[in-house]
Amino acid sequence: MARYISMIHYEQTIHIQDFYDSLMTQIYLYQDRGDYYISGDFNSRLGELCDSMDDELPVRDVVDVKNNTYGTFLHEFLISTDTCVLNGRSKKNGNDFTFISSMGRSVVDYVICPSNSFKLVNDVQIIRPVKLFSEAGVKCRSSLVPDHSFLRWDFNIRTVRVRKVEVEQQYL
């Protein structure tokens, strides 16, 4: 499930709660169907706000220490849905900013999963577009390079084995 929240403007702060209420409804509707991951541009800066009440999770490596109003909404959403962000919890790769432009840099793009599904995550990677283009041999003017990084996460898929049960049918 991918999500985008537009930039903060006064009249939009009223609608942010509607966004998270809708997202929470989706989670409650589908949470019994298996693991899920939500990724997108939330325009939310969590900073050092807690993102989970699960003490078993590794501590999140925070690179963007600032938070904003949308970050507070995201924080409340994460706590109330028992979910967590994967950013900053890489087992192999370090954390990085997800938005870099001439205006500055921040972490506003996230991957979110249920706290109890974190154990299925092998790795999380923030890949800057410049690095991706360079590795692919693509030359591009800097003004054309996207300002949001790519989020990549590797995870195991739970498999369920169903025992085949043969049922005798009686015909009349």
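Here, every reference points to the structure presented above.
Here the structure is a predicted model, which is why all the values come from computation and not from measurement. (Residues numbered from 1 in each chain as written. Predicted model: local features only at pLDDT ≥ 70, side-chain atom pairs only at ≥ 80, totals over all residues. Heavy atoms only, no water.)

Focus: the overall build of the protein chain
Move 1: The helix and strand inventory of the protein chain stands at three helices and eight strands.
Move 2: Listed N to C, the secondary structure of the protein chain is β-α-β-α-β-β-β-β-β-α-β in terms of helices and strands.
Move 3: When the accessible surface of the protein chain is totalled, it reaches about 11300 Å², and 52% of it is carbon and sulfur. (Helix = DSSP H or I, 4+ residues; strand = E, 2+ residues; numbered from the N terminus. Areas by Shrake-Rupley, 256 points an atom, 1.4 Å probe, with all protein chains shown as cover.)

Here we look at unusual backbone geometry
Move 1: The phi angle at Asn43 is positive, at roughly 45°, despite the residue not being glycine.
Move 2: Examined against the element boundaries, Asn43 turns out to sit in the loop between strand E2 (38-41) and helix H2 (69-81).
Move 3: A positive phi is found at Asp82, a non-glycine position, where the angle reads about 55°.
Move 4: On the secondary structure map, Asp82 appears in the loop between H2 and strand E3 (83-85).
Move 5: Residue Asp82 is classed as partly exposed on the basis of its relative accessible area of 44%. (Buried < 20%, exposed > 50% of the residue type's maximum accessible area, 1.4 Å probe, protein only.)

Observations regarding the packing of aromatic side chains
Move 1: Throughout the structure, instances matching the rule amount to six aromatic pairs.
Move 2: Chaining the aromatic ring pairs together yields one cluster made of Phe19, Tyr20, Phe42, Phe77 and Tyr110. (Phe/Tyr/Trp six-rings, centres within 6.5 Å; stacked < 30°, edge-to-face > 60°.)

Examining H2
Move 1: The end-to-end C-alpha separation of H2 is 19 Å, in line with the 18 Å expected for 13 residues at 1.5 Å each.
Move 2: Between a side-chain oxygen at the N-terminus of H2 and the backbone nitrogen of Tyr70 the separation is 3.3 Å; the capping residue is Asn68.
Move 3: In the segment just after H2, Asp82 is the residue with positive phi, at about 55°. (Expected span 1.5 Å × (residues − 1). Polar contact = N/O pair within 3.5 Å; in protein donor to acceptor, adjacent residues only side chain to side chain.)

Comments concerning the pairing of strand E7 (residues 121-127)
Move 1: Counted residue by residue, E7 has six buried out of seven residues, so it is predominantly covered.
Move 2: As judged from the six bridges shared by E7 and strand E8 (residues 150-155), these two strands associate in the antiparallel manner. Bridge assignment links Val124 to a residue of E8, and that residue is Trp153. (Pairing = 2+ DSSP bridges.)

Thoughts on the pairing of strand E6 (residues 109-114)
Along any regular strand, the residues point their side chains to alternate faces of the sheet.
Move 1: In terms of burial, E6 is largely enclosed, as six of its six residues are buried.
Move 2: Of the pairings in the sheet, the one linking E2 to E6 comprises four bridges and is antiparallel in character. Each bridged residue has a counterpart across the sheet, and for Gly40 the counterpart in E6 is Tyr110.
Move 3: Here E3 runs beside E6; their pairing, made up of three bridges, is antiparallel. Residue pairing in the sheet places Cys84 in a bridge with Cys113 of E6.

Things to note about the side chain of Arg45
Move 1: Within the secondary structure, Arg45 is located in the loop between E2 and H2.
Move 2: In terms of polar contacts, Arg45 uses its side chain to reach the side chain of Asp64, at 2.7 Å.
Move 3: Those residues in contact with Arg45, other than ones at most four positions away along the chain, are Asp64, Lys66, Asn67, Asn68, Gly71, Arg105, Ser106, Val107, Val108 and Tyr110. (Contact = heavy atoms within 4.5 Å.)

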